[in-house]
Amino acid sequence: RPNTAESLLAAGPTGVGRTHMIPAQARRHGYQGFEINASDVTNEDQMKSDLYEASSRGISIVEGDIVNQKNLILLDDVDSFPDYIIKAVRSFLQHPPTPCRPIACTCTTHTSQQMKLLKSLCGQTIYMNPVSEQAMKAYALHYFPGTLPRTINRAIQLCRGDLRQFSIHISNTCSTQSDCKMQ
């Protein structure tokens, strides 16, 4: 897309792994992430400044050519940003510097007017669904080996596709109950 930043919007309910997936995939492809949090930004000008600063990190000029290290800007839970911050993000996506870092935004809802505008500027949108029972069982077997099936099944019932809560539940259960592990 000409004159726009390379960008991705990952949308889905809490606990599906948006915030975990983006940096993990970035690292897998050799990118270093720079996260900008709304809680650290107090006004639109600061957000613009932070975006431009993050976008210019790792860029240097070698023998007259721009050398661009592989970095990624992550705006997590962008739907919780105040409207003035979203305005700065939209402005940045419409008029990025050259060269510009790829930008990944995560959100829980993509239906608000602000998110519809942001979605229209992003090159790609991924809708993430709650994690399946089968995937949660595989996750538990990999990260919590030896955990009893009844402990895993109970966590699946309680957490209903929320991988973050599932992981916390199993960790807490196994740290407080001696009968959660196979002997």
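Residues numbered from 1 in each chain as written. Predicted model: local features only at pLDDT ≥ 70, side-chain atom pairs only at ≥ 80, totals over all residues. Heavy atoms only, no water.

Q: Is there a simple way to think about the overall build of the protein chain in this case?
A: For the protein chain, the helix and strand inventory stands at 7 helices and 7 strands. Shown N-terminal to C-terminal, the secondary structure of the protein chain runs as helices and strands in the order β-α-β-α-β-β-β-α-β-α-β-α-α-α. Within the protein chain, the fraction of its 183 residues that count as buried is 38%. Of the contacts formed within the protein chain by residues at least 6 apart in sequence, a portion of 76% connects residues at least 24 apart. (Helix = DSSP H or I, 4+ residues; strand = E, 2+ residues; numbered from the N terminus. Buried < 20%, exposed > 50% of the residue type's maximum accessible area, 1.4 Å probe, protein only. Contact = heavy atoms within 4.5 Å.)

Q: Just checking my understanding: could you explain the side chain of Asp76 for this structure?
A: For Asp76, the position within the fold is in the loop between strand S5 (71-75) and helix H3 (83-94). For the buried Asp76, which has no salt bridge, the nearest side chain bearing the opposite charge is Arg18, at an N-O separation of 5.2 Å. A distance of 2.4 Å separates polar atoms of two side chains, one belonging to Asp76 and the other to Thr106. (Lys, Arg positive; Asp, Glu negative; His and termini not counted. Salt bridge = Lys/Arg side-chain N within 4 Å of Asp/Glu carboxyl O. Polar contact = N/O pair within 3.5 Å; in protein donor to acceptor, adjacent residues only side chain to side chain.)

Q: For this particular structure, what's the right way to read the nonpolar core?
A: Grouped burial of nonpolar side chains is what soluble globular proteins tend to show. In this structure, Met47, Leu75, Val78 and Leu118 are the most contacted members of the largest nonpolar core, which totals 26 residues. Secondary structure elements with two or more residues in this core: strand S1 (7-11), strand S2 (32-36), helix H2 (44-56), S5, H3, strand S6 (103-107) and helix H4 (113-121). Of the residues forming this core, the biggest block, 6 residues, is contributed by H3. Those residues in contact with Val78, other than ones at most four positions away along the chain, are Leu9, Ile86, Cys105, Thr106, Cys107, Met115 and Leu118. In terms of nonpolar packing, the next biggest core, distinct from the first, is built from 13 residues, Val131, Ile152, Ile156 and Ile170 among them. (Core = buried A, V, L, I, M, F, W, Y, C linked by side-chain atoms within 4.5 Å.)

Q: Is there a simple way to think about the side chain of Thr173 in this case?
A: Here Thr173 lies in helix H7 (residues 163-176). Assessed through its relative accessible area of 11%, Thr173 is described here as buried. Among the polar contacts made by the side chain of Thr173, one reaches the main-chain carbonyl oxygen of His169 at a distance of 2.8 Å. Dropping the residues within four chain positions of it, Thr173 is found in contact with Thr151 and Cys180.

Q: Just to check I follow, could you spell out the environment of Arg101 for this structure?
A: With respect to the helices, strands and loops of the structure, Arg101 is situated in the loop between H3 and S6. Spatially, the C-alpha atoms of Arg101 and Ile73 are 6.6 Å apart, while their sequence positions differ by 28 residues.

Q: Sorry if this is basic, but what is going on with the pattern of salt bridges here?
A: Pairing between side chains becomes possible if they bear opposite charge and their charged atoms approach one another. Following the criterion strictly, the structure yields 2 salt bridges and no others. Among the ionic pairs, Arg18 bridges to Asp77, the shortest N-O distance being 3.1 Å. Remark: Asp77 occurs in the loop between S5 and H3 and Arg18 occurs in helix H1 (residues 18-28); sequence separation between them is 59 residues. Arg18 gets classed as buried once you look at its relative accessible area, which sits at 5%.

Q: Sorry if this is basic, but what is going on with H7 here?
A: Here H7 is 14 residues long and its end C-alpha atoms lie 20 Å apart, about the 20 Å a rise of 1.5 Å per residue gives. Every buried residue belonging to H7 is among Leu163, Phe166, Ser167, Ile170, Thr173 and Cys174, and all of these are buried. For H7, the angular spread of the buried residues around the axis is 140 degrees, confining them to a single face. Among the exposed residues of H7, those pointing more than 90 degrees away from its buried face are Ser175 and Thr176. Each element contacted by the buried residues of H7 is listed here: helix H5 (133-143) and helix H6 (149-159). Here H7 starts with a cap whose side-chain oxygen sits 3.2 Å from the backbone nitrogen of Arg164, and that cap is Asp162. (Expected span 1.5 Å × (residues − 1). Arc of directions from axis to C-beta.)

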